[in-house]
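# A look at the structure
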Amino acid sequence: MAKATAMLLVTMLAATTAFSGCGKKDVDYDMGEGGTEEGGSGEGGELSSRLGVPESYDGEIEVGDSGLDKIKIEDDDIITPASDSMSIVSYKKNTFDNAYKQKVCEAIFDKSKGIYVYDWEHQTKEDLQGQIDTYQTMLEEAQAAGDSDTEEYCKEYISYLEEAMTTATDEREGAGDYSATEFIGSIGDNEFMISFYEESEGLGTNFELSYYPLEGLINYKPHEGATYVSAYDAQYGEEEMDDDTVNQCTFSEEEAVSLAQDFLNSCGIDDVVMTSTSSLLWEYYDSAYNVVATEYDGYIVEFGRSVNGIAPYTADLSMVDTLSDDDIWYETLTETFTIQIDSNGVINASCYPLFTPTGEEEKNVELLSWKELLKALEKNIPEYYKENKTSYSNIEFNDVQLTYYSMKDESQEDVYKYVPVWIFAQADQYEGVYDYDYPVQAIMVNATDGTIYNLKDILNSNSYEDLSDYYDDYYDAVGDSDVNIIESDSDDSDADSSDVDDSDVVDDSDADDANADDANADEDDFIENMPVEAIEQ
């Protein structure tokens, strides 16, 4: 049990170091000939002007036999590409061969200090001793605080590590031919890990850079009285940033963007556009998961795939209400590249280069005008909701944009196309902020003919049965079929349809904290108040 629990903790810590932003941001898109703008024809965009797209729109669609009470479109900042045309661009599914993994590792790590294979099942004595030291410190702090749960956990895991020491090797295995999937190397005076992931079916090719060992991140960024530390997007912090907030990073925001671009270029990723920047917030916790300090040091820089200079739509559609299903869960896989930078440089990266270009492109495709689009939607939206039921009675689309989205080319194996689409999405409001990155309603409209794609056909789908089988296999592999995963004690029975199911992600709302009344309440509160994006990443 100790090992599986430890992996859960490490996964949780890893999740807190890579987040995407929330809501619409003031972004400087330096896209050369392309880009995205708000305001449509009213601001002089050539494409939006030609299509007659207004800066804003407020109108209703007849509900027909959809079963809904109201369908409304109300957006005061319609987003369109700052270009004169759009294309259909073909890509093929990406894979990581050994040569690419070597290129990335050697670009990021200091070769003179060695690059090594990481294997959880066969760690070195040095690796294990480092973990023992970290958990021994956690144990002593838990004992001093009277935290019996953390004390028990640390004792169990230290016992597991000490047992593993008896068969551990003295030296790490070299990277060799780079046929492994995880590697350890040095950046400056610190060790980091690069993990490569691929899906045999569907999409999912990505790699992650993280501090090693992750549970020792507090040693990288120590603070008096702190046992743990997490680094995440400052937008999710309890305190609002203002002009007086000091970012302690020795790099400016512009320098951080440049460093992030250089990092991606070194990994052979150059067809991207920057989509946002945020400050990096470091939050420190004691052994009881109470926040003891916070500081701003660094930046999170996000990029998206560049399709003719335009970043495609990347919002997470998994929470759209029409996708609710007892047996299936859906996930949005988009080409995003999230880089964290502090005063030492790049310290974390989450990169999803799902595709590689084929060189095929259908240029200047004919798009519907705004009037033609609305006419098509008058018929197609009611029909869509007739077939795709929702628990909402009123639909209010407040996020409208013309963009790109990837679609599987069914006529060719492992080929996908970025196609022009209109997104009509509804974001709910939380504490005065609309969360456009997690819409509760969304339709995706073919921009050439006004038909509506069925999201269930577009998104990656997985059955809960398959997910259960996955965890059964995992626990069997680690020998812990009776693992008890930390669960929230909050009562979500009254949650409305736009709430997130606790079995899928962790809710960032404080509304349910009052219901956590057992011995693990402090630990639950810590986990529940982590941003939703932590688990999504």
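Calculation criteria
Residues numbered from 1 in each chain as written. Predicted model: local features only at pLDDT ≥ 70, side-chain atom pairs only at ≥ 80, totals over all residues. Heavy atoms only, no water. pLDDT = per-residue confidence, 0-100. Contact = heavy atoms within 4.5 Å. Phe/Tyr/Trp six-rings, centres within 6.5 Å; stacked < 30°, edge-to-face > 60°. Helix = DSSP H or I, 4+ residues; strand = E, 2+ residues; numbered from the N terminus. Buried < 20%, exposed > 50% of the residue type's maximum accessible area, 1.4 Å probe, protein only. Lys NZ or Arg CZ within 6 Å of the ring centre and 35° of its normal. Pairing = 2+ DSSP bridges. Axes fitted to C-alpha atoms, helices over the stretch in contact; angles between N-to-C directions.

### As for the confidence of the model for the protein chain
Confidence in the prediction of the protein chain, expressed as mean pLDDT, is 81, and 77% of residues score 70 or more. Here residues 1-44 is modelled with pLDDT under 50, and outside its nearest four sequence neighbours on either side it reaches 145 contacts, counting other chains as well. Low confidence marks residues 477-537, where pLDDT is under 50. Its contacts with residues over four positions away, or in another chain, come to 110 contacts.

### Observations regarding the packing of aromatic side chains
By the definition in use, this model includes 25 aromatic pairs. Plain terms: the ring middles of Tyr91 and Tyr418 are 5.4 Å apart, the flat faces sit at 90° to each other, and that makes the pair edge-to-face. You can see Tyr91 sitting in strand S5 (residues 88-93) and its partner Tyr418 sitting in strand S19 (residues 415-426), a full 327 residues away along the chain. The same class applies to Tyr91 and to Tyr418, which are both buried. Ring centres of Phe397 and Phe424 lie 6.1 Å apart, and the angle between their planes is 70°; on these two criteria the pair is classed as edge-to-face. Here Phe424 lies in strand S19 and Phe397 lies in strand S17 (residues 394-397), a separation of 27 residues in the sequence. One exposure class covers both Phe397 and Phe424, and it is buried. Through successive ring pairs, a cluster of aromatic residues spans Phe96, Tyr100, Tyr178, Phe183, Phe196 and Phe207. Here the guanidinium or amino end of Lys221 rests over the ring plane of Trp282, the centre of that ring lying 5.1 Å away.

### Brief notes about the sheet that holds strand S3 (residues 70-75)
The mixed open sheet is built from three strands, whose spatial order is S2-S3-S17. The open sheet is flanked by strand S2 (57-61) and S17, the only strands paired with a single partner. Adjacent strand axes in the sheet meet at a mean angle of 15°, parallel and antiparallel pairs treated alike. Here five bridges tie S2 to S3, and the two strands are oriented antiparallel to one another. Across the sheet, Gly59 pairs through a bridge with Ile73, a residue of S3. Running at roughly 45° to S2, helix H8 (residues 370-387) makes contact with S2, S3 and S17 of the sheet.

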